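What follows is each chain in one-letter form.
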Amino acid sequence: DQQVKQNSPSLSVQEGRISILNCDYTNSMFDYFLWYKKYPAEGPTFLISISSIKDKNEDGRFTVFLNKSAKHLSLHIVPSQPGDSAVYFCAASNSGNTPLVFGKGTRLSVIA
Amino acid sequence: GAGVSQSPSNKVTEKGKDVELRCDPISGHTALYWYRQSLGQGLEFLIYFQGNSAPDKSGLPSDRFSAERTGGSVSTLTIQRTQQEDSAVYLCASSQEGRSYGYTFGSGTRLTVV
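Structure report, in brief.

## Things to note about the environment of Leu111 of chain B
You can see Leu111 of chain B is positioned in strand β10 (residues 109-113). Taking the C-alpha atoms as reference points, Leu111 of chain B and Thr13 of chain B, separated by 98 residues in sequence, lie 7.7 Å from one another.

What follows is the structure, given as structure tokens:
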């Protein structure tokens, strides 16, 4: 069973607009959530994270929102730039010492 | 080193052959993870090493897969009698003290079984 789900395989957004990537999880024991970004032929790189005690974390153009009751998180990128075009993976952890569980990823294309 | 190093970057092998994939983690990182990404799939956890503890092998898909970590540093993932479904990108990551939010990934090894 998939504990972390990214139901949109791809998303296309115009440059300058907002990109919203969604992620749902099923395991209520998850207490830490992360987003990773992956370019072709490179390993994923850490982007932003959020603890379950918060509902929002912001870092520059990137904001992650967590809705624990809905078991849903989202990544907002604003304004979107062509360099943001990549695959974005949502990941979750239980207590920080267990291996991360990743979703299947969403391919974001930002069109100039 | 400055980052996680994986070798080879690409490997093409014939079905039935054994392959070894190498991961050199960041110096001082005690935790090391292997994941794989098959076509159209997410990152699938394979195995996790933390210090001197017994590894968490719960993600290994079959007994053809094994991994070791020598001296708490370099790790080798071995796949015996490779099958076409083993074709994937194999990613290694390391982190300090098993902290999930400190993962640094290597660039991966793309394995193609023909």
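## Some words on the packing of aromatic side chains
Residues and elements named next belong to chain B. Summed over all chains, the structure comprises 15 aromatic pairs over all chains. Ring centres 5.8 Å apart and planes at 70° place the aromatic pair Tyr35 and Phe45 in the edge-to-face group. With Tyr35 in strand β4 (residues 31-37) and Phe45 in strand β5 (residues 43-50), this residue pair connects regions lying ten residues apart in the sequence. Owing to a relative accessible area of 16%, Phe45 belongs among the buried residues under this scheme.

## What to know about the sheet that holds strand β6 (residues 65-69) of chain B
All names here are of chain B. Across the sheet, which stays open at both edges, the four strands sit in the order β1-β3-β7-β6 with antiparallel pairing between neighbours. The two strands at the open ends of the sheet, each matched to only one other strand, are β1 (5-7) and β6. Neighbour to neighbour, the strand axes of the sheet diverge by 15° on average, direction disregarded. Direction of pairing for β1 relative to strand β3 (residues 19-24): antiparallel, over a ladder of three bridges. Counterpart to Ser7 in the pairing with β3 is Arg22.

## Here we look at the sheet that holds strand β6 (residues 56-59) of chain A
Residue and element names in this part refer to chain A. Pairing is antiparallel in the open sheet, where five strands are placed in the order β1-β3-β8-β7-β6. The outermost strands of the open sheet, each flanked by one partner alone, are β1 (4-5) and β6. In terms of strand pairing, β6 meets strand β7 (residues 62-67) through four bridges, oriented antiparallel. Along β7, the bridge assignment pairs Glu58 with Thr63.

## Some details on the layout of surface pockets
Of the voids in this model, the largest pocket is the one considered here, and its volume is about 700 Å³. Listing elements by their share of the lining of the largest pocket, those giving two or more residues are β9 (86-93) and β11 (106-111) of chain A together with β8 (88-95) and β10 of chain B. With three residues, β10 of chain B is the single largest residue contributor to the lining of the largest pocket. A breakdown of the residues in the lining of the largest pocket according to their chemical character gives ten nonpolar, 14 polar and five charged. Its boundaries defined by the atoms lining it, the second largest pocket holds a volume of some 460 Å³. Considering the residues around the second largest pocket, the lining is formed by 21 residues, among which Asp1, Gln3, Val101 and Phe102 of chain A together with Leu43 of chain B are closest to the centre. Elements with a minimum of two residues in the lining of the second largest pocket: β9 and β10 (101-102) of chain A together with β5 of chain B.

## Section: the pairing of β7 of chain A
Residue and element names in this part refer to chain A. Connecting β6 to the next strand, β7, in antiparallel fashion are two residues, including Gly60 with a positive phi near 65°. Here β7 runs beside strand β8 (residues 72-77); their pairing, made up of six bridges, is antiparallel. If you follow Phe65 over to β8, its bridge partner there is Ser74. A loop of four residues connects β7 with β8, the two strands running antiparallel in sequence, and Lys71 in this loop sits at a positive phi of about 50°.

Definitions and limits used
- Residues numbered from 1 in each chain as written.
- Chains lettered and ligands numbered in written order.
- Predicted model: local features only at pLDDT ≥ 70, side-chain atom pairs only at ≥ 80, totals over all residues.
- Heavy atoms only, no water.
- Helix = DSSP H or I, 4+ residues; strand = E, 2+ residues; numbered from the N terminus.
- Phe/Tyr/Trp six-rings, centres within 6.5 Å; stacked < 30°, edge-to-face > 60°.
- Buried < 20%, exposed > 50% of the residue type's maximum accessible area, 1.4 Å probe, protein only.
- Pairing = 2+ DSSP bridges.
- Axes fitted to C-alpha atoms, helices over the stretch in contact; angles between N-to-C directions.
- 1 Å grid on protein atoms, 1.4 Å probe; cavity = no way out; pocket = protein on both sides within 12 Å on 5 of 7 lines; lining within 4 Å.
- Points joined across faces, edges and corners; volume = space filled by probe spheres on them.
- Nonpolar A, V, L, I, M, F, W, Y, C, P; charged D, E, K, R; others polar.

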